[in-house]
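Here is how the chains run, residue by residue.
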Amino acid sequence: MARNILYLFVYTVALVSFSLNDAKRIEPRIAMSCGNVNMHVDVATGDWVPDRNRQSGCISHHDDILNYCRKMYGNMGSIKYFVEANKEETITNWCPIGQSKCVDKHTVVPIRCLVGEFISDALMVPQECRFSHMHDKELCMSHDDWRDQATKECATNSWILHDYGMLQPCKANFSGVEFVCCPPPNEATPSAPQEVVESSPAVTVTTKQAITKDPYFQEKFDNTGDEHEQFIEARERIIKKEEDKMSKVMKDWQSAEKSYETMMKKDPKAAEKMKQSMREQFQKTVNALEVEAESERKGLRTVHEDRVSGLLTDRRNKMYKKLTALLTDKTPKSDAVLQTLQRFVKAIKKHREHILNHYQHLQDVDPSMADEKRPLLLTQMKQMDSSLENAIDMIRKKT
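Keep in mind the model is a prediction, meaning the values are calculated, not measured.

Trainee: Could you give me a rundown of the pattern of salt bridges, with the residues and numbers involved?
Mentor: In this structure the tally under the stated criterion is 13 salt bridges. Here D144 and R147 are joined by a salt bridge, their closest N and O atoms 3.4 Å apart. With D144 and R147 both in helix α3 (residues 143-155) and three residues apart, the pair spans about one turn of that helix. Take D144: its relative accessible area is 35%, and that puts it in the partly exposed class. A salt bridge links R352 to D385, with the nearest nitrogen and oxygen atoms 2.3 Å apart. With R352 in helix α7 (residues 334-365) and D385 in helix α8 (residues 367-398), this pair connects stretches of sequence that are 33 residues apart.

Okay, structure coming up:
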C-alpha cells in the first residue's frame, strides 16, 4: 500500500504545485490548416510551434479537437471545453506535411483550449457602446451561429458587433452569447436619450426607482443545487431589470422631447434652456443607473465566487475526513485508502485550478482587486498543501 500511495503523492505534487505567479499565463491555443502540420502555442514563450510528430493534419470532429487540446496542454489541468477564437490570426511558420521547411504563411481561426471550469469572457464596453446577451437553455448552437445572431441583433439599431463571448457550453456547442454593440466607426454617435426636468410640469421625468435585491442574494444557499445555473439565471434577471429601467428612462425622454418641440414653437429660448436641463438630468440619471448596475453585478460575482469556493472547500474537507476515518482503523483497507486519497487529491487540484482561473480573471478585469485578493488566495493554497501533507504523514505512520 505504501508504495502505491507514495507514488500517487509524487504524481500529486506535480499536478497541484502551481503558484499564483503562473496565473498570468499565455492562453493555450491550437491551429490547423489542412495539408500542414498542426500548430500550438508554446505557453512559455507565446510562439506558435508545430506538432512534434510532424504528421498531424487538420481535424474537425469535436471529440478529436478536445483530445488534441488535452494532448498538447493536459499538464496544465483539466480541459473539458474549447471554443473558436473571435479573430483570425496569421501564422508564418507552417510546415507542409512531409516537408522539412516550415516557412508557409496561412491565416486561420485558432482554437482556444479552456483549462478548468468554463468562465465566460469578460467583455469591455466602451462608453458609447451597449452590452447585451442572448441565452436559451433549449438552444444549442455553434460559436459561428451565435456570433451571427449577435451581429443581426446589433444591426437592428444600425450598429456593429464590437466583441462577443460564448455562454454556457451544451453538448458540443453553446446555449448563448454575450456581446457588445457599437456605432459604426467615423459615424456620429446618436445622442443618448435625455431626461427632462423643471421648466414645465409636463416634461418632468421620474428617475428614482425602488432598488430591489435579486432573489439570488436573499435565498439561503443550497449547496445541493446547480450553483452555476443559479448564477446565470440571476445574471439574466439583473440584466433584464437594467434594460427595463433604461427603457423607462428612454420613454420618459421621448415624452419630454415632444414637450420640447411644442415649446420651441411658442418660446424658443425657454425651450433651449429646458433642453440643456434635460441633458444634464439625463446624464445624471444614466450615471446613477450605471453605478447601480455595476454594483449589483459586482455583488453577484462576489457571492458566486464565495459559493463556488465554499462548495469546493466542502468537497475537499469531506474527502479529508473520510480519509482520516479510514486511517483510524487498526487495519485500514489499502484499496479504500488509495481511492479516497485519489478523490482528495482531485478535490485539491480542482480547487487550485479554480483559484488560478479566478486570479487570472481578476488580473484581466480588475488588477487592483487581484493584488488585494492575492494574500488570501495564497493562504488558501497553502492550507491545501498543509492538509495534503498531513494526509501523507498519516499514511506513512500506518505503513
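That was the structure; now back to the text.
Trainee: Provide a residue-level description of the nonpolar core, including the pertinent values.
Mentor: Counting residues in hydrophobic clusters, the biggest one holds 22 residues, and the most contacted among them are L323, V337, L341 and F344. Taken together, the elements giving at least two residues each to this core come down to α6 (268-327), α7 and α8.

Trainee: How would you explain the pairing of strand β10 (residues 173-182) if you had to name every residue and give the values?
Mentor: Of all ten residues making up β10, nine are buried, and the element is well covered by its neighbours. As judged from the six bridges shared by strand β8 (residues 130-135) and β10, these two strands associate in the antiparallel manner. Bridge pairing links R130 to C181 in β10. Judged from the nine bridges that link them, strand β9 (residues 160-170) and β10 form a sheet pairing that is antiparallel. Opposite Y164, over in β10, you have F179 as the bridge partner. The hairpin formed by β9 and β10 contains two residues between the paired strands, and K171 there has a positive phi angle of roughly 55°.

Criteria and cut-off values
- Residues numbered from 1 in each chain as written.
- Predicted model: local features only at pLDDT ≥ 70, side-chain atom pairs only at ≥ 80, totals over all residues.
- Heavy atoms only, no water.
- Salt bridge = Lys/Arg side-chain N within 4 Å of Asp/Glu carboxyl O.
- Helix = DSSP H or I, 4+ residues; strand = E, 2+ residues; numbered from the N terminus.
- Buried < 20%, exposed > 50% of the residue type's maximum accessible area, 1.4 Å probe, protein only.
- Core = buried A, V, L, I, M, F, W, Y, C linked by side-chain atoms within 4.5 Å.
- Pairing = 2+ DSSP bridges.

So yeah, pure geometry; function would need other evidence.
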